[in-house]
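Letter by letter, the chains look like this.
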Amino acid sequence: MQIHTPATPLTSRLRDRLATVQFRQRYRRRRHLEGPQGREICLDNKTLLNFCSNDYLGLANDPRIIAALKRGADQYGVGSGASHLVVGHSRVHQQLELALADFTQRERALVFTNGYSANMAVIRALAGEGDVVWQDCLNHASLLDGGWISRAEVRWFAHRDYHQLQQLLRDTELQSEQQHLIASDGVFSMDGDMADIASLTHIARTHNACLMIDDAHGFGVLGEQGRGSVSACEFNGEAVPVLVGTLGKAFGTAGAFVAGSDELIEWLIQSARNYIFSTAMPSAIAAATLCSLHIVQTEQWRRDHLNELIHYFSHCARQMQLPLLHSTTPIQPLLLNDSATCLRVSQALEQLGIYAAAIRPPTVPENSSRIRVTLSAAHCRSDIDKLIEALVKSIRA
Ligand SMILES: *Cc1c(COP(=O)(O)O)cnc(C)c1O
């Protein structure tokens, strides 16, 4: 049944805004996925090679994790029923938190329903009026929003410009009770480049600032056993006291976690609004994630294969003089700048059987639209050959 709402001031205002979005080539449409994530996906009844999921290790449809989810549902049901503090915190949530603390080599970890709310919660719980939150200008939207909502002063530094950050910090005086919080992505989600954790820890130490790293794209992919960008450079909980990771990307499930000291986690439990006033992650998801965490740590071949594909793709793309950004992670963006061009290339790729989405402002800065290619351990070399061939055809068309 089609429902028609009579025009109201709200609908006409929104219609104008939507027209503007469309005019600026920024209109987004949702596609209908007919099955699981994988190297191939079925999208609107068409089978396409998938180069835009964050399922970096190919675990989103792993039979062992599916079985763990089913067992979890048999034991705990589907809904978690309440927040963690009321009656939603199960034995398997607790086990997952212990396993994540061990994985990140931190005293404790705390599970959230998603990364967006974990980031908001942490910044709001750690910074307030009079404090300063420092953000890399390419940080994820959830870090930026956490800064705004915290009521602290939000200040930016140019992307990976740690010299500028140091100078700005040097020129900023704080009252004795107040503090600096520096927040950065570990791997930047739209560029695929990495924060220089060594510089950040040095700056944080020099200026007595708290350092928070959101490693949504690093966990599972980088470091020994996939322990992420921070452990890849061997920094402990003193140098990086606040670590955030998400579970919906390389782990292939859903949710997020914060890892750090006993005091940090206890403070979040007592004060983080997104934690306190939100229904717990379903226990079955926690059970599935425990299984996935074990696979992430033990199946090194997934990272080895993924790294081989990354090298192969960037080598071929450079040889074909494609406009590839410099990245050593599975995020391999091709910078096309203009949104209309980017959409045209994405559509041409689809005609050739390849799905790689056009990423446009406001997700990326003005005039920096791109095809964000992501690679996965589920791909094979011949998939990369097909991708390169299709990219050459579509971009040069
Ligand atoms: C995806 C992402 C998030 C949000 O995590 P969700 O679990 O998807 O809400 C946070 N930070 C970064 C850097 C991300 O890429």
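Residues numbered from 1 in each chain as written. Predicted model: local features only at pLDDT ≥ 70, side-chain atom pairs only at ≥ 80, totals over all residues. Heavy atoms only, no water.

**Examining helix H7 (residues 162–170)**
Working step 1: Within H7, burial applies to Tyr 162, Leu 165, Gln 166 and Leu 169. The arc enclosing the buried residues of H7, seen along the axis, measures out at 100 degrees, which places them on a common side.
Working step 2: Here the buried face of H7 lies against strand S4 (132–136), strand S5 (153–157), strand S6 (180–185) and helix H8 (197–206). (Buried < 20%, exposed > 50% of the residue type's maximum accessible area, 1.4 Å probe, protein only. Helix = DSSP H or I, 4+ residues; strand = E, 2+ residues; numbered from the N terminus. Arc of directions from axis to C-beta. Contact = heavy atoms within 4.5 Å.)

**What to know about the sheet that holds strand S1 (residues 40–43)**
Working step 1: Taken in spatial order, the three strands make up an open sheet running S1-S2-S11, and their pairing is mixed. The sheet is open, and its two edges are formed by S1 and strand S11 (354–355), each paired on a single side.
Working step 2: Relative to strand S2 (residues 46–50), S1 runs antiparallel, the two being bridged by four bridges. Looking at the pairing, Leu 43 lines up with Lys 46 of S2. (Pairing = 2+ DSSP bridges.)

**Some remarks on the environment of Ser 314**
Working step 1: In this fold, Ser 314 is placed in helix H13 (residues 300–319).
Working step 2: Residues Ser 314 and Pro 63, spaced 251 residues apart in sequence, show a C-alpha to C-alpha distance of 31 Å.
Working step 3: Not counting chain neighbours up to four residues away, the residues in contact with Ser 314 comprise Leu 324 and Gln 332.

**A word on the site of the ligand**
Working step 1: Taken together, 14 residues are adjacent to the ligand, and Gly 115, Tyr 116, Asp 214, His 217 and Lys 249 come closest.
Working step 2: The contact in question runs from a nitrogen atom of the ligand to an N or O atom on the side chain of His 140, over 3.5 Å.
Working step 3: At 2.5 Å, a side-chain N or O of His 217 approaches an oxygen atom of the ligand.
Working step 4: Alone, the ligand offers 380 Å² of accessible surface; in the complex the protein occludes 81% of this.
Working step 5: Broken down by element, the shell around the ligand gets its largest block of residues, three residues, from helix H5 (residues 115–126). (Near = heavy atom within 4 Å. Polar contact = N/O pair within 3.5 Å; in protein donor to acceptor, adjacent residues only side chain to side chain. Areas by Shrake-Rupley, 256 points an atom, 1.4 Å probe, with all protein chains shown as cover.)

**What to know about the sheet that holds S4**
Working step 1: Here seven strands make up an open sheet; going across it, the order is S3-S9-S8-S7-S6-S4-S5 and the pairing mixed. The open sheet has two edge strands, strand S3 (108–112) and S5, and neither has a second partner. Between one strand and the next, the sheet's axes are offset by a mean angle of 20 degrees, whatever the strand orientation.
Working step 2: In this sheet, strand S7 (residues 210–214) lies alongside S6 in parallel orientation, the contact comprising five bridges. Paired with Ser 184 across the bridge in S7 is Ile 213.
Working step 3: In this fold H8 packs onto S6 and S7, with an angle of close to 155 degrees to the strand it touches most, S7. (Axes fitted to C-alpha atoms, helices over the stretch in contact; angles between N-to-C directions.)

**Considerations on unusual backbone geometry**
Working step 1: At the junction of Pro 361 and Pro 362, the peptide bond is cis and its omega measures out at 5 degrees in the coordinates.
Working step 2: When you line up the elements, Pro 362 lands in the loop between strand S12 (358–359) and strand S13 (369–374).
Working step 3: At Asp 44, a residue that is not glycine, the phi angle is positive and equals roughly 45 degrees.
Working step 4: You can see Asp 44 is positioned in the loop between S1 and S2.
Working step 5: Non-glycine residue Gln 321 carries a positive phi angle of around 55 degrees.
Working step 6: Looking at the secondary structure, you find Gln 321 in the loop between H13 and strand S10 (331–337).

**Quick look at the packing of helix H2 (residues 63–76) against helix H12 (residues 283–298)**
The relative placement of two packed helices is expressed as an angle between their axes plus a distance between the axes.
Working step 1: Closest axis-to-axis distance for the H2/H12 pair is 7 Å, and the angle between their directions is 150 degrees. Classified by the interaxial angle, the pair formed by H2 and H12 is roughly antiparallel. Where H2 crosses over H12, the two elements pack in a sense that is right-handed. Taken together, the residues of H12 that come into contact with H2 (itself represented by Arg 64, Ile 65, Ala 68, Leu 69, Gly 72, Ala 73 and Tyr 76) are Ser 283, Ala 284, Ile 285, Ala 287, Ala 288, Cys 291, Ser 292 and Ile 295.
Working step 2: A class-by-class count of the residues in the contact of H2 with H12 yields 11 nonpolar, three polar and one charged. (Parallel < 35°, antiparallel > 145°, perpendicular 65-115°, else oblique. Left-handed = near helix turned anticlockwise from the far one by under 90°. Nonpolar A, V, L, I, M, F, W, Y, C, P; charged D, E, K, R; others polar.)

**Here's the deal with the pairing of S4**
Working step 1: Counted residue by residue, S4 has five buried out of five residues, so it is predominantly covered.
Working step 2: Burial along S4 is two-sided: the face carrying Val 132, Trp 134 and Asp 136 and the face carrying Val 133 and Gln 135 are both buried.
Working step 3: Note: S4 against S5, five bridges, orientation parallel. Bridge pairing in S5 places Gln 135 opposite Trp 156.
Working step 4: On the question of chirality, the crossover connecting S4 to the parallel S5 by way of helix H6 (residues 141–149) is right-handed. (Right-handed = clockwise from strand over helix to strand, strands pointing away.)

**Description of the pattern of salt bridges**
Working step 1: Taken as a whole and assessed by the stated rule, the structure comprises 15 salt bridges.
Working step 2: Glu 366 serves as the salt-bridge partner of Arg 24, at 3.9 Å between the closest nitrogen and oxygen. You can see Arg 24 sitting in the loop between helix H1 (9–23) and S1 and its partner Glu 366 sitting in the loop between S12 and S13, a full 342 residues away along the chain.
Working step 3: Given a relative accessible area of 44%, Arg 24 falls into the partly exposed group.
Working step 4: Accessibility expressed as a relative area gives 55% for Glu 366, which makes it exposed.
Working step 5: Residue Arg 302 pairs with Asp 62 through a salt bridge whose shortest N-O separation is 3.6 Å. Separated by 240 residues along the polypeptide, Arg 302 in helix H13 and Asp 62 in the loop between S2 and H2 bring together distant segments of the chain. A single burial state applies to Arg 302 and to Asp 62, both of which are buried. (Salt bridge = Lys/Arg side-chain N within 4 Å of Asp/Glu carboxyl O.)

**Some remarks on the packing of H13 against helix H15 (residues 381–396)**
Working step 1: Interhelical geometry of H13 versus H15 gives an angle of 25 degrees and a closest axis separation of 10 Å. In terms of orientation, H13 and H15 fall into the roughly parallel class. The two elements H13 and H15 meet at a crossing, and its hand is right-handed. When H13 is examined against H15, the residues Leu 309, Tyr 312, Phe 313, Cys 316 and Ala 317 are found in contact with a partner set consisting of Arg 381, Ile 384, Asp 385, Leu 387, Ile 388 and Leu 391.
Working step 2: Grouping the amino acids of the contact of H13 with H15 by side-chain chemistry returns nine nonpolar, no polar and two charged.

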